[in-house]
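An overview of the molecular structure
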Amino acid sequence: MSRIQEELKITLQLLKKEWKEDLEQYRAKTLSASVADKQKEGICWYPVQLVKTKVGLGDRLIVEVERADTRLSHGFQSGKTVSLFSNFSDGAPLRTNGVVNMVKKNTMVVTLMGHEWPDWLHDGKLGVDLHFDEASYREMEYAVQQVIKAGEGRLGQLRNVLLGQEKASFVRGLPKSVEAPHLNHSQVEAVEMVLAAQEVALVHGPPGTGKTTTMVQAIEETLRSHRQVLVCAPSNAAVDLLVEKLLAIGLSTLRIGHPARVDDELLEQTLDAKIAQHSSFRDLKKLRKAAEEYRKLGRKYKRNFGAAERQQRKQLFAEASKVKEAARHLEDYILYDVFQQNQVIATTLVGANHPVLKGMAFPVVFIDEAAQGLEPATWIPVLKAQKIVMAGDHCQLPPTIKSYEAAKDGLSETLFEKVIQRQPEASRMLRVQYRMPELIMRFSSEYFYHGQLEAAALTDEHFLGHDERVMAYIDTAGSGFGEHLEKDSLSKLNTDEARFGLGMLEKLVEKIGVSTFKEKAFTIGVISPYKAQVKKLAELMEEGSEYENLRQLSDHVTIGTIDGFQGQERDVVLISMVRSNDEGEIGFLADTRRMNVALTRAKRKLMVVGDSGTLSTHPFYQKFLDFVNDNGLYSSIYEYMEF
């Protein structure tokens, strides 16, 4: 067995370790747990009020529920598998499974799995439980096993190139250069490399450099010589963003996946919707109805009937089978025709093994946000590929891993990261960023990207006002603003720092003017590494009378974790660092990629609030503090004592 096959066997073991840890954490939260305990753990909403029901695309049953207690944090999000239950029965709760469409504040929309409304839906108190998703782990396990077993075929070749055992190859001299006036030089270089690559190409896209725009152009150029491609990303949100952009340039796109996991505006691109819109769908419905009617007629005969009735029943069931077979053939034709009509098939990494894609292969598979996908998940679409194109940034946050041991032993290293290290000639970095003024960009460029980033000329206009600095660091050292632990979640928070940070924002909005923020549609992001701090910031803004200007802009303000902000931007960003202790402990802030994400979200103004005494114990933060000092961006909290 080769070195890389041994490496993949280790990856498989790490995946199993993660699987086990994830399952154990879930069981610890649910086993013998009361509803109240599950609520505290964030895996149950109870009780919920049924707000409305409706029948959606493909005759899917959709419910909207609302909870009264919004104080408890939770793990529900779009795409998660759940069960809706009622306590109406004396024994175990009545249940039906579903998939979350959307969660917004205290409201959740769920698509139920069945085709009939539960008869207990309006009885008793309703609740929603979060499920453990074992299917994704099985798909990942299967993919890695197939890659290990791959012999001399294309999958074996791709494995050997991706993991560095063989050199990546390229076509010399493309027939013609890419003509795309809207792309800069480094983006054109990246697209041309994608077209020239024989096995793999990587587009390294630092923050604000137009990675997705480059991918869309590469997909369009590829479709000039190929009829169809597969496009994937780790999350449903990332897939939907790509689909939006592909539709905008006129590429016909089929979105594979449960409609509940797809953005509402893209539902027409789903397989369910395209089948329902097909010219033969009405005939299919008629055949299905006829088959059901024949079956019903056959079932009417009771046990005590004569030979004639027995023959009649046999004929009815035979006719039902015949019509059902005709319906199956028509359904296969509709499915085939829908696939033939679309240039792009889009799905998540795990969704690439959807039953409707069974046996299909693609000349090129594109994977966006590849640096956020677990390696085992990334192999799933590779199984269907002749060539792989990945885009991402390994200098930003890696995928979330539950098992500390698995992460430490190598599962946190993505396939994107392995390829960029082992096949450096197969990657191109995008060098022009369009989001931040040069000053905000400079530290990240120097520390993470070897000083190779440049700010586009248009970023010179990215400011709130000519007299308003685009960046500031406010040091809370010596203020007595100490961190503390939230008992329920064991997450860190710093209430005084949260109040101070919101106060800074309040003053900024007052200075620039609420009307200016509204007229220019300026957005504000308040971000922190810790969920407990995010919760505290949201509570303070909602309840504190001293943040009246911010409350007037509530539709423009987003409060969230750094991890949740990856891939997003806001005009104004405030970062609350939280950590402040005598021991100089900074916890998971030591993963500096998290700070790279935080520092690169702001378009017009970046404000960082933190305790230099604690942060400076880590070399990265000492360098950042040197940077803010050297560039006149530093100020002490004592300069703002009126807060």
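Attention here is on the structure that accompanies the text. (Residues numbered from 1 in each chain as written. Predicted model: local features only at pLDDT ≥ 70, side-chain atom pairs only at ≥ 80, totals over all residues. Heavy atoms only, no water.)

Strand pairing in a sheet relies on backbone hydrogen bonds. The paired strands run either parallel or antiparallel. If you walk across this open sheet you meet the six strands as S20-S19-S21-S22-S16-S23, and the pairing is parallel. With partners counted over all chains shown, the strands left at the sheet margins are strand S20 (557-561) and strand S23 (634-636), one partner each. Between one strand axis and the next, the sheet turns by 20 degrees as a mean value, whatever way the strands run. Relative to strand S22 (residues 602-610), strand S16 (residues 471-475) is paired through five bridges, and the arrangement is parallel. Counterpart to Asp475 in the pairing with S22 is Gly610. Helix H17 (residues 531-543) rests against strand S19 (524-528), S20 and strand S21 (570-576) of the sheet, and its axis sits at about 155 degrees to S20. Contacts between helix H20 (residues 592-599) and the sheet are confined to S19, S21 and S22, with S22 contributing the most and set at about 130 degrees to the helix. (Pairing = 2+ DSSP bridges. Helix = DSSP H or I, 4+ residues; strand = E, 2+ residues; numbered from the N terminus. Axes fitted to C-alpha atoms, helices over the stretch in contact; angles between N-to-C directions. Contact = heavy atoms within 4.5 Å.)

So, about the packing of helix H6 (residues 211-222) against helix H7 (residues 236-248). One can describe the packing of H6 onto H7 by two numbers: an axis separation of 10 Å at closest approach and a directional angle of 55 degrees. Here H6 is positioned oblique relative to H7, judged by the angle of their axes. For the pair H6 and H7, the crossing hand works out as right-handed. Touching Thr212, Val216 and Ile219 of H6 are Leu242, Lys245 and Leu246, all from H7. Of the residues assigned to the contact of H6 with H7, the class counts are four nonpolar, one polar and one charged. (Parallel < 35°, antiparallel > 145°, perpendicular 65-115°, else oblique. Left-handed = near helix turned anticlockwise from the far one by under 90°. Nonpolar A, V, L, I, M, F, W, Y, C, P; charged D, E, K, R; others polar.)

Another aspect to go through is the packing of helix H1 (residues 3-30) against helix H12 (residues 404-411). Across the interface, H1 lies against H12 with an axial gap of 9 Å and an inter-helix angle of 160 degrees. Between H1 and H12, the crossing angle belongs to the class labelled roughly antiparallel. As for the relative orientation of H1 and H12, their crossing is left-handed in sense. Residues Thr11, Leu14, Leu15, Lys17 and Glu18 of H1 touch H12, and the partners they reach there are Glu405, Ala406, Asp409, Gly410 and Leu411. Classifying every residue of the contact of H1 with H12 by side-chain character gives four nonpolar, two polar and four charged.

If you trace the backbone, Ala327 turns up in helix H10 (residues 307-340). Taking the relative accessible area as the measure of exposure, Ala327 reaches 7% and is therefore buried. As a C-alpha pair, Ala327 and Lys286 span 41 residues in sequence and 8.8 Å in three-dimensional space. Those residues in contact with Ala327 that sit more than four places away from it in its chain are Leu284, Leu287 and Arg288. (Buried < 20%, exposed > 50% of the residue type's maximum accessible area, 1.4 Å probe, protein only.)

Another point: the nonpolar core. Most often, soluble globular proteins have nonpolar side chains that are buried together. In terms of nonpolar packing, the biggest core is built from 90 residues, with Val200, Ile219, Phe366, Trp379 and Met390 touching the most fellow members. The biggest single contributor to this core is H1, with seven residues. Shared between two domains, this core takes at least three residues from each, and those domains are domain 2 (136-252 + 348-430) and domain 3 (277-340). The contact partners of Trp379, leaving out residues within four places of it in the chain, are Leu8, Ala143, Val144, Val147, Arg159, Leu162, Leu163 and Leu415. Counting 38 residues, the second-largest nonpolar core is a separate cluster that includes Met441, Tyr473, Leu589 and Leu606. (Core = buried A, V, L, I, M, F, W, Y, C linked by side-chain atoms within 4.5 Å. Domains from an automatic or database assignment.)

With five of five residues buried, strand S7 (residues 200-204) lies mostly within the body of the structure. Here S7 shows no split at all, with Val200, Leu202 and His204 on one side and Ala201 and Val203 on the other all buried. The pairing of S7 with strand S12 (residues 388-392) spans five bridges and is parallel. Bridge assignment links Val200 to a residue of S12, and that residue is Ile388. Judged from the three bridges that link them, S7 and strand S13 (residues 427-429) form a sheet pairing that is parallel. Note that in S13 the partner of His204 across the bridge is Met429.

Looking now at the sheet that holds strand S6 (residues 126-130). Strand order in the closed barrel formed by six strands is S1-S2-S5-S4-S3-S6, with antiparallel pairing between adjacent strands. Each strand axis lies, on average, 45 degrees off the axis of its neighbour in the sheet, ignoring direction. Across five bridges, the pairing between strand S2 (residues 61-67) and strand S5 (residues 107-112) is antiparallel. Bridge pairing links Glu66 to Thr107 in S5.

Taken as a whole and judged by the stated rule, the model has 33 salt bridges. Among the ionic contacts, a cluster of salt bridges with common partners joins Arg3, Glu7, Glu375, Lys418 and Arg422. (Salt bridge = Lys/Arg side-chain N within 4 Å of Asp/Glu carboxyl O.)

A complete count under the given rule lists 20 aromatic pairs for this structure. Between Phe443 and Phe627, the aromatic rings sit 5.5 Å apart at their centres with planes inclined by 50 degrees, giving tilted as the arrangement. In this pair, Phe443 is assigned in helix H14 (residues 438-448) and Phe627 in helix H22 (residues 619-630), connecting sequence segments 184 residues apart. With a relative accessible area of 6%, Phe627 lands in the buried category. Relative to Phe624, the ring of Tyr473 has its centre 6.1 Å away and its plane inclined at 80 degrees; by these criteria the two rings are edge-to-face. With Tyr473 in strand S16 and Phe624 in helix H22, the pair connects residues that are 151 residues apart, well separated along the chain. Cluster of aromatic residues (ring-pair linked, three or more members): Phe443, Tyr447, Phe448, Tyr449, Tyr473, Phe620, Tyr621, Phe624, Phe627 and Tyr634. If you follow Arg594 out to its NZ or CZ, it ends over the ring of Phe588, 4.2 Å from the centre. (Phe/Tyr/Trp six-rings, centres within 6.5 Å; stacked < 30°, edge-to-face > 60°. Lys NZ or Arg CZ within 6 Å of the ring centre and 35° of its normal.)

What is shown is where atoms sit, not what they do.
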